[in-house]
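Survey of secondary and tertiary structure
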Amino acid sequence: MLCVRDNAIQPDSSENMLRVQQAGAVIMPAIPSFYHQPKTIDDLVAQYVYRVLAQMALPQEQMYRWEGQAKAKAREV
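Residues numbered from 1 in each chain as written. Predicted model: local features only at pLDDT ≥ 70, side-chain atom pairs only at ≥ 80, totals over all residues. Heavy atoms only, no water.

**Section: the overall build of the protein**
- In terms of regular secondary structure, the protein is built from 3 helices and 2 strands.
- In the protein, the succession of helices and strands from N to C terminus is β-α-β-α-α.
- Put simply, the protein has 77 residues, and 19% of those count as buried.
- Once local pairs closer than 6 in sequence are excluded, the contacts in the protein between residues at least 24 apart make up 36%.
- Entry remark: accessible area of the protein is about 6,100 Å², with carbon and sulfur atoms responsible for 56%. (Helix = DSSP H or I, 4+ residues; strand = E, 2+ residues; numbered from the N terminus. Buried < 20%, exposed > 50% of the residue type's maximum accessible area, 1.4 Å probe, protein only. Contact = heavy atoms within 4.5 Å. Areas by Shrake-Rupley, 256 points an atom, 1.4 Å probe, with all protein chains shown as cover.)

And the structure:
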């Protein structure tokens with residue numbers, strides 16, 4: 001797995017990521033999620049780490065999982 005920053009990607013970096021992906025790696029940009037309504041930077045970091053570990057097939061009980069728009073709206077009522 002390759003976790004990359006979300007920034008301007010140079011042609012060399014793009015080519016290298018393509019090679020890594022073709023070799024079988026998963027490329028996972030370090031993009032925070034906001035659907036779980038984080039309150040602190042630590043909440044953002046923890047959720048990203050949980051997603052990385054889940055991508056590696058390690059169980060993450062504390063990870064927030066998106067249940068869809070309908071369930072999210074039902075919780076708001």
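Additional details are given in the paragraphs that follow.
**Comments concerning helix H2 (residues 41–55)**
- Given a rise of 1.5 Å per residue, 15 residues ought to cover 21 Å, and the 21 Å separating the end C-alpha atoms of H2 matches this to within 8%.
- Residues of H2 that are buried in the fold lie against strand S1 (2–4) and strand S2 (27–29).
- Backbone nitrogen of Asp42 and a side-chain oxygen of the N-cap are separated by 3.3 Å at the start of H2; the cap is Thr40.
- Looking one or two residues past H2, Ala57 carries a phi angle of roughly 65 degrees, positive in sign. (Expected span 1.5 Å × (residues − 1). Polar contact = N/O pair within 3.5 Å; in protein donor to acceptor, adjacent residues only side chain to side chain.)

**Side note on the confidence of the model for the protein**
- Averaged over all residues, the pLDDT of the protein equals 82, while 90% of them reach at least 70.
- For the protein, the element scoring lowest by mean pLDDT is helix H3 (residues 69–76), at 62; helix H1 (residues 11–22) scores highest, at 90. (pLDDT = per-residue confidence, 0-100.)

**What about H1?**
- Here H1 is 12 residues long and its end C-alpha atoms lie 16 Å apart, about the 16 Å a rise of 1.5 Å per residue gives.
- Once H1 ends, the next one or two residues include Gly24, with phi positive near 110 degrees.

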